[in-house]
Amino acid sequence: MTDRAEAVKRVFTAKNSRVDTNRGERYYKELYVRCKKRIEELKSMESFGSKAELSEILSDEGYSRRDFMKWTSATTAMLMLPGFFEPLVAEAAEMMNRIPVIWVEYQDCAGNTEAFIRSDGPKIDDIILDIISLEFHETLMAPAGFQAERQLDDARETFKGKYLLFVEGAIPLAENGIYGTTGPAGETFIEQLTSLAADAAAIVAVGTCATFGGVPAASPNPTGAKGVMDVINGKPIINIPACPANPANMVGVILHYVLTGQIPELDSLLRPKFAFGYRIHDNCERRAHFDAGEFVEEWGDEGAKNNFCLYKMGCKGPMTFNNCSIIRYNESVSWPVGVGHGCIGCSEPDFWDKYAYERPMADANIKAPAGGVEKSVDEFGLGILTATGIGIAIHAAASLFAGKKSDGEDAS
Ligand code: SF4
Ligand code: SF4
């Protein structure tokens, strides 16, 4: 884990020196003073979550202080903060139990909850998620029915205006929201969300269903499913898409809020730039094969055995923004492209309809993080190798034609 933390730190530090050039030393010094003051205020507050010290829990799980400092160092770089923030980030991690969290689930598969509670050989991110002040989580808590309702009412009353509202799953709006109800009174998801959002400090939409509608919103979207940002106004919303959202990004968002008292800087889709300012393709271990024109042509061929680029098998890494090619999944062991399947763009809007198929996009336009279109696929990377670019363009067009033809044949 520790070698991986060092590698992650190296990548983020190198990238951030390019990403964050417009902020001077003075900005960070003033931010440091504000964060220091905030940490002191939090220290004087009662802890709501786990009463156990983080250092004790880490030690019980076999992590040394040195491991924790390496994690702190990598996380500071991930949050796009300079190295002198590391001691403050370490203190903020120990204060994670000062911020109350209410977690609700709507149209979902609970995959983000599963990612959140990963406990088989937990890494430091997972342990830190264990100590947050989770005041309500219907799937994880013991009470049900009226008791659960009472717990939710108590939490929202006690922490009014202070809690982070985590939302997992899409919100159905068709037929007045009747496709999703919760609790003994049969409240619709949209009614409950609207009411909980009103008392929240900020809303964190986790997973692609809560952010952009995800699979429930796939065509023909019979329940009228929408993401949080399409149904709630007037509250800060932070989107952490992906299927599932990476626990490291959940920790990053809460940690940033604990440290600064503010939500992180967001892109045009309300995603934190520290996590979604990176294109999958730019940090992919197969990128050298893409540039060399070496591709997997069919599953199980020699190219697949040699870990060649998966673009021709439908990898959407060139048009997807996420940091999973840097921080990976499952204790940073691997990620989808690492084990041989292309990226399906799960952190982008409409991914199920637009990206989740095993052929390249012939007409892809690559979105810039700030909004608008940055480049076409041909301009982005493929232009470097003209012959390869032409080969792929022909392959992509043929695949699209084949796809349309077979769609047509299926329909007839
Ligand atoms: S197309 Fe996919 S597999 Fe190929 S380099 Fe880009 S992200 Fe990696
Ligand atoms: S590689 Fe692509 S599809 Fe896989 S988790 Fe990352 S963004 Fe989602």
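Our subject is the structure listed above.
Caption draft 1: Highlighting the overall build of the protein chain. Looking only at helices and strands, one finds 18 helices and eleven strands in the protein chain. Taking all 412 residues of the protein chain together, the buried fraction comes to 52%. Taking as baseline every contact in the protein chain between residues at least 6 positions apart, the subset at least 24 positions apart corresponds to 76%. For the protein chain, the exposed area adds up to about 18,300 Å²; of that, 52% sits on carbon and sulfur atoms.

Caption draft 2: Looking closely at empty space enclosed by the protein. Taken as a whole and judged by the stated rule, the model has three cavities of 30 Å³ or more. Computed from the structure, the second largest cavity encloses a volume of approximately 90 Å³. For the lining of the second largest cavity, a count of residues per class yields nine nonpolar, two polar and two charged.

Caption draft 3: Structural view of the packing of aromatic side chains. Going through the model one piece at a time under the given rule, you end up with twelve aromatic pairs. Summarising the aromatic geometry, the rings of Phe 290 and Phe 295 are spaced 6.0 Å apart at their centres and angled 80 degrees between planes, so their arrangement reads as edge-to-face. Note on accessibility: Phe 290 and Phe 295 belong to one class, buried. Here the aromatic cluster, defined as three or more aromatic residues joined through ring pairs, consists of Tyr 27, Tyr 28, Tyr 32, Phe 84 and Phe 85. Seen from the ring of Tyr 357, Lys 316 lies directly overhead, with NZ or CZ sitting 4.2 Å from the centre. We note Arg 359 situated over the ring of Tyr 357; from NZ or CZ to the ring centre the distance is 4.4 Å.

Caption draft 4: Seen up close, the site of ligand 2. As a structural note, the neighbourhood of ligand 2 is formed by Thr 320, Asn 322, Cys 324, Tyr 329, Trp 335, Pro 336, Cys 343, Ile 344, Gly 345, Cys 346 and Ser 347. A class-by-class count of the residues in the shell around ligand 2 yields seven nonpolar, four polar and no charged.

Caption draft 5: Region of the structure containing the nonpolar core. If you look at the biggest cluster of nonpolar residues, it comprises 60 residues, and the most contacted ones within it are Phe 68, Met 96, Ile 128, Met 250 and Leu 255. In terms of residue count, helix α12 (residues 247-260) provides more of this core than any other element does, nine residues in total. Residues within four places of Phe 68 in sequence aside, it is in contact with Leu 54, Leu 58, Ala 90, Ala 93, Glu 94, Ile 124 and Ile 128. Within the second largest apolar cluster, 26 residues are counted, among which are Leu 152, Ala 200, Ala 205 and Ile 237.

Cut-offs and rules
- Residues numbered from 1 in each chain as written.
- Chains lettered and ligands numbered in written order.
- Predicted model: local features only at pLDDT ≥ 70, side-chain atom pairs only at ≥ 80, totals over all residues.
- Heavy atoms only, no water.
- Helix = DSSP H or I, 4+ residues; strand = E, 2+ residues; numbered from the N terminus.
- Buried < 20%, exposed > 50% of the residue type's maximum accessible area, 1.4 Å probe, protein only.
- Contact = heavy atoms within 4.5 Å.
- Areas by Shrake-Rupley, 256 points an atom, 1.4 Å probe, with all protein chains shown as cover.
- 1 Å grid on protein atoms, 1.4 Å probe; cavity = no way out; pocket = protein on both sides within 12 Å on 5 of 7 lines; lining within 4 Å.
- Points joined across faces, edges and corners; volume = space filled by probe spheres on them.
- Nonpolar A, V, L, I, M, F, W, Y, C, P; charged D, E, K, R; others polar.
- Phe/Tyr/Trp six-rings, centres within 6.5 Å; stacked < 30°, edge-to-face > 60°.
- Lys NZ or Arg CZ within 6 Å of the ring centre and 35° of its normal.
- Near = heavy atom within 4 Å.
- Core = buried A, V, L, I, M, F, W, Y, C linked by side-chain atoms within 4.5 Å.

Fair warning: the whole summary comes from geometry, so function is off the table for now.
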